[in-house]
Amino acid sequence: MICDISKHEFNKIYARLGVKNLVPRGESFYQERMESVVAELEEKGMLEEDEGRKVMFAPGAPIPLTIVKSDGGFTYDTSDMATIKHRLFEELGEWLIYVVDAGQGVHFDCLFACAKKAGYYDARNTRAEHVAFGVVLGEDKKKFKTRSGDTVRLADLLDEGIKRSREKLIERGRDKVLTAEEMKAAEEAIAYGCIKYADLSHNRVNDYVFSFDKMLDDKGNTAVYLLYAYTRIKSIARLANVSVKELKAAAKTTPVVLEHEKEWKLAKCLARFPEVISKILDDLFLHSLCDFLYEIATTFTEFYDNCYCVEKDRQTGKIIKINTSRLLLCEATASVMAKGFDILSIQPVHKM
């Protein structure tokens, strides 16, 4: 009953954050596997007695893992050995990523070393990594807590984000031009996007200060700035009455001409996308992608300020000329940004 209630509440949070395809596995799932691992390690002679405990040493491990406590009970070390074996041998995992705070670094050094000694993990065939992260601080530079000193609940944090993003949109008068459905989508995109982006845009091993005011700033390297930039880019073709279907057709026949220096600068910036993806696949530091998206947005602004995509009559507002090549460059920019948002699990909207 308690597990079911917990899962129900967790799923509410996951739905809000767009987290999908999770396979929850509690410690009870691994109970028999832990017993099996202990028996296997004992049979291989890899456990040593230490003041009633059964511990495991391994080359490269700073300290031993405690596999069995003095009272015969299991530990997190036991369950972690069972889970890594299960993930590699039963689920046939090729790349295991442990997202756990930096304070557990020594533990994972020991886990991987012992798993290697036991024959579970071979770095030549599979990849297992500890993705460490720092501490979230409040604006007082102390560990992020409520005013009463309690841990901040994620649900409350998301609710506060929605409240503040709504206020920000109303302040900009967006409630007057957006439908109720568009307003709700914009509120959620900004609220959830800014919280995720604030976390991912910092070097993950460093501590960072959590500040809604900074997150919701529409200037600088924030989700709000990037979302507004994306929305503006997507609106260019729409305001020129050029559909996505027409742009796709034009992409097959119309060359992208790069004559202006700002066109070149933007194109070269976009061309670095595969390089950025390759880097984050190697080091798993997502702030590099955030920095790249910000660079795209600022570079696009330079391009847009200097290169007309759509020329209109200043008196009538009637469209005189559409530069299809530049519209395609706009669409390419939006596509790269959209893929970056997708990787960061940020949901953009077409109207804000």
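Look above for the structure.
Structure report, in brief.

Along a regular strand, successive side chains alternate from one face of the sheet to the other. The element strand S5 (residues 127–133) is extensively covered by neighbouring structure, given that five of its seven residues are classed as buried. By the bridge criterion, seven bridges tie strand S4 (residues 95–101) to S5 in an arrangement that is parallel. The residue of S5 that forms the bridge with Val99 is Val131. A crossover links S4 with its parallel partner S5, the connecting element being helix H4 (residues 105–118), and its sense is right-handed.

Turning our eyes to something else, we now look at the packing of aromatic side chains. Taken as a whole and judged by the stated rule, the model has 14 aromatic pairs. When the centroid spacing of 6.0 Å and the interplanar angle of 50 degrees are considered together, the rings of Phe112 and Tyr121 count as tilted. Owing to a relative accessible area of 13%, Phe112 belongs among the buried residues under this scheme. Note on Tyr121: relative accessible area 12%, which makes it buried. Aromatic pair Phe300 and Tyr304: ring centres 5.9 Å apart, planes at 15 degrees, arrangement stacked.

Attention now goes to a nonpolar patch on the surface. A cluster of nonpolar side chains, contributed by Trp95, Ile97, Val99, Phe133 and Leu281, occupies part of the molecular surface with about 450 Å² of accessible area. Following the sequence through the fold, Phe133 ends up in strand S5.

Here we come to the environment of Thr301. For Thr301, the position within the fold is in helix H12 (residues 287–306). Sequence-distant contacts of Thr301, that is, excluding residues within four places in its chain, are made with Tyr225 and Arg232. For Thr301, the side chain forms a polar contact with the side chain of Arg232, separated by 3.3 Å. Separated by 3.0 Å, the side chain of Thr301 and the backbone oxygen of Ala297 make a polar contact.

Let's shift gears to the sheet that holds strand S1 (residues 48–50). Two pairing modes exist for strands in a sheet, parallel and antiparallel, and in both the strands are linked by backbone hydrogen bonds. Strand order across the open sheet formed by three strands is S1-S2-S3, with antiparallel pairing between neighbours. Both edges of this open sheet fall to S1 and strand S3 (65–68), since each of them pairs with a single strand only. For this sheet, the mean inter-axis angle between neighbouring strands, taken without regard to orientation, is 50 degrees. Pairing geometry for strand S2 (residues 53–56) and S3, over three bridges, is antiparallel. Bridge assignment links Lys54 to a residue of S3, and that residue is Val68. Docked against the sheet, H4 engages S2 and S3, running at close to 60 degrees with respect to S3.

Rules used throughout
Residues numbered from 1 in each chain as written. Predicted model: local features only at pLDDT ≥ 70, side-chain atom pairs only at ≥ 80, totals over all residues. Heavy atoms only, no water. Buried < 20%, exposed > 50% of the residue type's maximum accessible area, 1.4 Å probe, protein only. Helix = DSSP H or I, 4+ residues; strand = E, 2+ residues; numbered from the N terminus. Pairing = 2+ DSSP bridges. Right-handed = clockwise from strand over helix to strand, strands pointing away. Phe/Tyr/Trp six-rings, centres within 6.5 Å; stacked < 30°, edge-to-face > 60°. Patch = residues over 30% accessible without salt bridge, like charges linked within 9 Å, V, L, I, M, F, W, Y side chains within 5 Å. Areas by Shrake-Rupley, 256 points an atom, 1.4 Å probe, with all protein chains shown as cover. Salt bridge = Lys/Arg side-chain N within 4 Å of Asp/Glu carboxyl O. Contact = heavy atoms within 4.5 Å. Polar contact = N/O pair within 3.5 Å; in protein donor to acceptor, adjacent residues only side chain to side chain. Axes fitted to C-alpha atoms, helices over the stretch in contact; angles between N-to-C directions.

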